[in-house]
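Descriptive analysis of the structure
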Amino acid sequence: MARKLFTPWTVKDVTIKNRIVMAPMCMYSSHEKDGKLQPFHMAHYISRAIGQVGLIIVEATAVNPQGRITDQDLGIWSDDHIEGFAKLTEQVKAQGSKIGIQLAHAGRKAELDGEIYAPSAIPFDEQSKTPAEMTIEQIKETIQEFKQAAARAKKAGFDIIELHAAHGYLMHEFLSPLSNHRTDEYGGSHENRYRFLGETIEAVKEVWDGPLFVRVSASDYTDKGLDIADHIGFAKWMKEQGVDLIDCSSGALVQADINVFPGYQVSFAEKIREQAEIATGAVGLITTGTMAEEILQNNRADLIFVARELLRDPHFARSAAKQLNTEIPSPVQYDRAW
Ligand SMILES: Cc1cc2nc3c(=O)[nH]c(=O)nc-3n(C[C@H](O)[C@H](O)[C@H](O)COP(=O)(O)O)c2cc1C
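Described in the following lines is the structure provided in the data block.

Criteria and cut-off values
- Residues numbered from 1 in each chain as written.
- Predicted model: local features only at pLDDT ≥ 70, side-chain atom pairs only at ≥ 80, totals over all residues.
- Heavy atoms only, no water.
- 1 Å grid on protein atoms, 1.4 Å probe; cavity = no way out; pocket = protein on both sides within 12 Å on 5 of 7 lines; lining within 4 Å.
- Points joined across faces, edges and corners; volume = space filled by probe spheres on them.
- Helix = DSSP H or I, 4+ residues; strand = E, 2+ residues; numbered from the N terminus.
- Nonpolar A, V, L, I, M, F, W, Y, C, P; charged D, E, K, R; others polar.
- Salt bridge = Lys/Arg side-chain N within 4 Å of Asp/Glu carboxyl O.
- Buried < 20%, exposed > 50% of the residue type's maximum accessible area, 1.4 Å probe, protein only.
- Expected span 1.5 Å × (residues − 1).
- Arc of directions from axis to C-beta.
- Axes fitted to C-alpha atoms, helices over the stretch in contact; angles between N-to-C directions.
- Parallel < 35°, antiparallel > 145°, perpendicular 65-115°, else oblique.
- Left-handed = near helix turned anticlockwise from the far one by under 90°.
- Contact = heavy atoms within 4.5 Å.
- Core = buried A, V, L, I, M, F, W, Y, C linked by side-chain atoms within 4.5 Å.
- Near = heavy atom within 4 Å.
- Polar contact = N/O pair within 3.5 Å; in protein donor to acceptor, adjacent residues only side chain to side chain.
- Sits in = over half its atoms within 2 Å of the grid points.

Here we take up the layout of surface pockets. Here the idea is plain: a probe the size of a water molecule rolls over the atoms and shows the empty space left. Quantified by volume, the largest pocket comes out at close to 930 Å³. What lines the largest pocket is a set of 44 residues, and nearest its centre among them are H167, Y169, R215, S249 and A252. Elements supplying a minimum of two residues to the lining of the largest pocket: β13 (303-306) and α9 (308-312). The greatest single-element share of the lining of the largest pocket, amounting to 3 residues, is contributed by α9. Each residue belonging to the lining of the largest pocket can be placed in one class, and the counts come to 24 nonpolar, 12 polar and 8 charged.

With that out of the way, let us pick up the pattern of salt bridges. With the rule as written, the count across this model stands at 15 salt bridges. Here K12 ties to D244 by a salt bridge, and the two come within 2.7 Å at their closest N and O atoms. Of this pair, K12 sits in the loop between β1 (9-11) and β2 (14-16) while D244 sits in the loop between α6 (228-241) and β11 (245-249); the two residues are 232 residues apart in sequence, bridging distant segments of the chain. When its relative accessible area of 17% is taken as the criterion, D244 is described as buried. Linking D159 and K93 is a salt bridge whose minimum nitrogen-to-oxygen distance equals 3.8 Å. Of the two residues, D159 is situated in the loop between α3 (136-155) and β9 (160-165) and K93 in helix α2 (residues 82-94); the sequence distance between them amounts to 66 residues. Each of E162, R215 and D247 takes part in one network of salt bridges that share partners.

Taking 1.5 Å of rise per residue, 13 residues should cover 18 Å, and α2 covers 18 Å from first to last C-alpha, within 8% of that figure. Of all the positions in α2, only I82, F85, L88, T89 and V92 are classed as buried. Viewed along the axis of α2, the buried residues span an arc of 130 degrees, placing them on a single side of the element. The exposed set on the far side of α2, more than 90 degrees from its buried face, consists of E83, E90 and A94.

The axes of two packed helices give the description: the angle between them and the distance between them. Across the interface, helix α1 (residues 39-50) lies against α2 with an axial gap of 9 Å and an inter-helix angle of 20 degrees. With respect to α2, the axis of α1 lies roughly parallel. When the axes of α1 and α2 are compared, the crossing they make is right-handed. Residues H41, M42, Y45, I46 and A49 of α1 form the contact with α2, whose participating residues are G84, K87, L88, Q91 and V92.

Our next topic: the nonpolar core. In terms of nonpolar packing, the biggest core is built from 82 residues, with L103, L163, L197, M238 and I272 touching the most fellow members. Counting residues in each nonpolar core, the second largest holds 15 residues, with I16, A23, I57 and F305 among its members.

Looking now at the site of the ligand. The full set close to the ligand counts 15 residues, and P24, C26, Q102, L285 and R308 are the nearest of them. Note that an oxygen atom of the ligand is positioned 3.2 Å from one of the backbone N or O atoms of A60. A distance of 2.8 Å is found between a nitrogen atom of the ligand and a side-chain nitrogen or oxygen belonging to Q102. When atom positions are compared with the pocket grids, the ligand is found to occupy the largest pocket. Along the lines of polarity and charge, the residues of the shell around the ligand split into 9 nonpolar, 4 polar and 2 charged.

Let's shift gears to the side chain of N64. As for its placement among the helices and strands, N64 is situated in the loop between β4 (55-62) and β5 (74-75). The class for N64 is buried, based on a relative accessible area of 12%. From its side chain, N64 meets the backbone nitrogen of Q66 in a polar contact 3.0 Å long. Look past the residues within four positions of N64 in its chain and what remains in contact with it is W77, H105 and E145.

All quantities given are derived from atomic positions and should not be read as evidence of function.
Listed below in structure tokens is the structure:
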């Protein structure tokens, strides 16, 4: 019987050949500090496509220079960035994998010279800079920058766009009452804290009709912070707006004690899937084919996002197939070797 991990999944007109997703991971390797891909990025992502990953999501890529976490992050804030990404998407697709990009703004977690921006002037921690509270004009500009970034991602040939609304970066900062103390229409109620993400989704949809994923932190693990019930509500709104999948991570808005164990975030993916009736991705210490298969067969998620295990083992798909006694094809270039 075909194992579910190795069955395709179709979203809009994109069919992903299996359920394994390379989760976005910053490589801090844009050494020219211009946001452009380096040869390392090409090798890093293409090797996972050769390794038969179904979908690769390129690391957090900044929609404007002050939206980078560090000055070595990737960026997509100008048309000059399109060419490098187009080369990457072509090569990844040539291996039969699909490729997405995570569009991001670091907000108050930017570790950069100059002013940094956030919904409210509250630093991440004692060591961090105090961000400037964004004006309404800056909020509107940033939403337009997400839209322009999405248009560039389309030109570069990406199959999927993921918005980064997790891990304490700008979109998450708007969502959470811990980091958003605004008294205008972008703060206060759930509806108001959701407004930045909601308007960004609408703006992106003006230029992008492909699959749209959103990564969330489903719990702030802190009193008065966001919890899974809040996120089930947000997920329902995202579904109404046409978002295709919620990628369910957690934490990193504020320092918190997190009980980390194998599959520790899977229950978030399961609850959002069940209660908001939207597709979800599970992520976090999922390291074997058996674990992935359990999650999928028990309908706890639709896709399995793997991060560190794919750094350790670029051929994780093959290792997982072996554990599940399943044959998967090799890249055509390797056919003669068998
Ligand atoms: C080196 C590294 C960089 C990361 N960068 C990002 C990122 O750019 N965007 C993001 O949403 N998560 C990022 N993450 C989080 C991963 O996508 C993933 O959610 C986390 O590592 C848990 O999955 P794992 O246990 O399979 O590693 C990063 C993780 C690592 C280890």
